[in-house]
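Single-letter residue listing:
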Amino acid sequence: MSLHLRNVGRDAVCVVAYLALLQIAVESAGTSIATWSVLAITSIALWATLSAYGRYRIGVDLPTSRIGSAAQGYVELRGVAKAHPGRDLRSPHGLVPCVWFRYVVEERTRDSYRVVRSGASHDTFVLRDDTGECIVDPDGARVDGGRLRRWDDAPYRITEVTLVDGDPLYALGELNSDHSHAGPDSVGRDAASLLAEWKRDRAALNARFDANGDGAVDLAEWEVARSSAQREALANRTRESALPPLHVLSRPDGSRPFVLSTRDPDTVARRWLAWTIAHAAVAITGVFHGGRLLFGLH
C-alpha cells in the first residue's frame, strides 16, 4: 500500500488527508476536536503549498541540459526512453513490452475496491537525446504520464502504467558521470591486477618472462614483467578513454523532486502551479475558519 500511495503523489495524499480531517471536524462540531482538525488541515495545506510551489519554481527556472554536455548534479533532461539492447522487460499482468511499469491490483468489496498488491519495476533503462544517452535508475521516481491500462479480472481490477521504448521523456534528477577510465592510479591498479593474474599461471608466466630458462622468474625478469603489465594496462585505458563517459540519472538527495514524465515541461509546471493554488486556497480557508473556531472557544 505504501508503494501505491507513493506513486499516487504527495498532492493526492494531502487531499485524502484534508477529506479525512474535514470529516472528523464535521462529526465533532462544537468541540475542541473540530478546532484541532481544522488547524491540522491548515498546517498540512501550508506545507503542501510551499512544496508544490518549490517544485513549480524548479520546473520553471531550471534550464534543459543536453546529456552530452550536462554538468554534474541536479539537472533537467529531455529525450526518448530506450530499452537496453537485448533486454526484454514486460509488465507482469498485461505482458506489455516496456522499459518501466507500475501496477496495482485491487479486490472488489461490497461497495468499493481495496488494494491487495502493487509494485513497480526496478530495471534501469536509457534516456537518449541528440547529444548522447544516460542510464536512468527509476527507483524513487515520481512517474507522471505513461500508458495507462485498466481492466477487470473478477474479483479484481488491474491497473498498469508503462513507459515503452520510444516514449518522449522529461526528467528531473541527479546526474553523475563515470570517468574512471582516466588517471594514473587506474593504470597502476590495472597493472597490479594483471600481474596477480599472471602469477596464478606459473607455467605461462615462466614461458613469457623466464629469459634465462632456469625455471623461475628472477628479480630482473620480474621487472620486465612489471613493465609489460604497465604497458598493457596503459594501452587498455587509452582505448577506454576514447569511449564516452557513463552518465547515470537517479534520485537526488534531499527534498528535490525526482520526476520522469511523458508530458512536456510546460504541462508539468502548470500542473504544479495548479496544485500550489489549490493547496493555498485550502490553507486560506483553514486559517479563516480555524480563527473563528478558536475565537469561539474563548
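Computed from a predicted structure; not experimentally measured. (Residues numbered from 1 in each chain as written. Predicted model: local features only at pLDDT ≥ 70, side-chain atom pairs only at ≥ 80, totals over all residues. Heavy atoms only, no water.)

1. Focus on the nonpolar core
Ranked by internal contacts, the top residues of the largest apolar core, which has 21 residues, are F125, L127, C134, L249 and L260. Every element with two or more residues in this core is listed here: strand 2 (73-82), strand 7 (125-129), strand 8 (132-136), strand 11 (156-163) and strand 12 (168-178). Those residues in contact with C134, other than ones at most four positions away along the chain, are I67, L77, F125, V126, L127, L175, H247 and L249. The next biggest cluster of nonpolar side chains, apart from the first, holds nine residues, and it includes A191, L195, A229 and A233. (Core = buried A, V, L, I, M, F, W, Y, C linked by side-chain atoms within 4.5 Å. Buried < 20%, exposed > 50% of the residue type's maximum accessible area, 1.4 Å probe, protein only. Helix = DSSP H or I, 4+ residues; strand = E, 2+ residues; numbered from the N terminus. Contact = heavy atoms within 4.5 Å.)

2. Overview of the side chain of D210
Following the sequence through the fold, D210 ends up in the loop between helix 5 (202-209) and helix 6 (219-241). No salt bridge is formed by the buried D210, whose closest oppositely charged neighbour, R202, lies at an N-O distance of 10 Å. A polar contact of 3.3 Å, which involves the side chain of D210, links it to the backbone nitrogen of G213. Setting aside residues up to four positions removed in sequence, D210 forms contacts with L205, G215, A216 and E221. (Lys, Arg positive; Asp, Glu negative; His and termini not counted. Salt bridge = Lys/Arg side-chain N within 4 Å of Asp/Glu carboxyl O. Polar contact = N/O pair within 3.5 Å; in protein donor to acceptor, adjacent residues only side chain to side chain.)

3. Some details on the packing of aromatic side chains
In the structure shown here, the tally under the stated rule is three aromatic pairs. Here the aromatic rings of Y53 and Y56 are separated by 6.1 Å at their centres, their planes lie at 40°, and the arrangement is tilted. Separated by three residues within a single helix, Y53 and Y56 lie in helix 3 (residues 32-61), roughly one turn from each other. Exposure remark for Y53: the relative accessible area of 41% places this residue in the partly exposed category. Here W198 and F209 contribute two aromatic rings whose centre-to-centre distance is 5.6 Å and whose plane-to-plane angle is 35°, an arrangement assigned as tilted. Residue W198 is found in helix 4 (residues 184-199), and its partner F209 is found in helix 5; the two are separated by eleven residues along the sequence. Overall, the relative accessible area of 8% leaves F209 in the buried class. Between R208 and the ring centre of W198, over which it is positioned, the NZ or CZ distance is 4.5 Å. (Phe/Tyr/Trp six-rings, centres within 6.5 Å; stacked < 30°, edge-to-face > 60°. Lys NZ or Arg CZ within 6 Å of the ring centre and 35° of its normal.)

4. Examining the pairing of strand 7
Burial analysis of strand 7 places four of its five residues in the buried class, the great majority of the element. As paired strands, strand 2 and strand 7 are joined by three bridges and run antiparallel to one another. Bridge assignment links K82 to a residue of strand 7, and that residue is V126. Where strand 7 and strand 8 come together, five bridges link them in antiparallel fashion. Opposite V126, over in strand 8, you have I135 as the bridge partner. Linkage of strand 7 to strand 8, two consecutive antiparallel strands, is achieved through a turn of two residues. (Pairing = 2+ DSSP bridges.)

5. Things to note about helix 2 (residues 10-27)
Since there are 3.6 residues in each turn of an α-helix, residues three or four apart along the chain are aligned in direction. If you check helix 2, its first and last C-alpha atoms are 26 Å apart, about what 18 residues at 1.5 Å a residue would give, namely 26 Å. The set of residues buried in helix 2 consists of D11, C14, Y18, L21 and A25. One side of helix 2 holds all its buried residues, which, seen down the axis, span an arc of 85°. Residues V16, L19 and E27 are exposed on helix 2 and point more than 90 degrees away from its buried face. (Expected span 1.5 Å × (residues − 1). Arc of directions from axis to C-beta.)

6. Section: unusual backbone geometry
Here the residue pair A154 and P155 is connected by a cis peptide bond, since its omega of 5° sits within 30 degrees of zero. Residue placement: P155 occurs in the loop between strand 10 (147-153) and strand 11. Within the chain, L95 stands out as a residue other than glycine whose phi angle is a positive 55°. Secondary-structure assignment places L95 in the loop between strand 3 (89-90) and strand 4 (97-98).

7. Here we look at the sheet that holds strand 5 (residues 100-108)
The strand order across the open sheet formed by four strands is 6-5-11-10, and the pairing between neighbours is antiparallel. Looking at which strands have only one partner, the edges of the open sheet turn out to be strand 6 (113-120) and strand 10. Direction aside, the axes of adjacent strands within the sheet are offset by 15° on average. The pairing of strand 5 with strand 6 spans seven bridges and is classified as antiparallel. Within strand 6, the position partnered with E106 by the bridge is V115. (Axes fitted to C-alpha atoms, helices over the stretch in contact; angles between N-to-C directions.)

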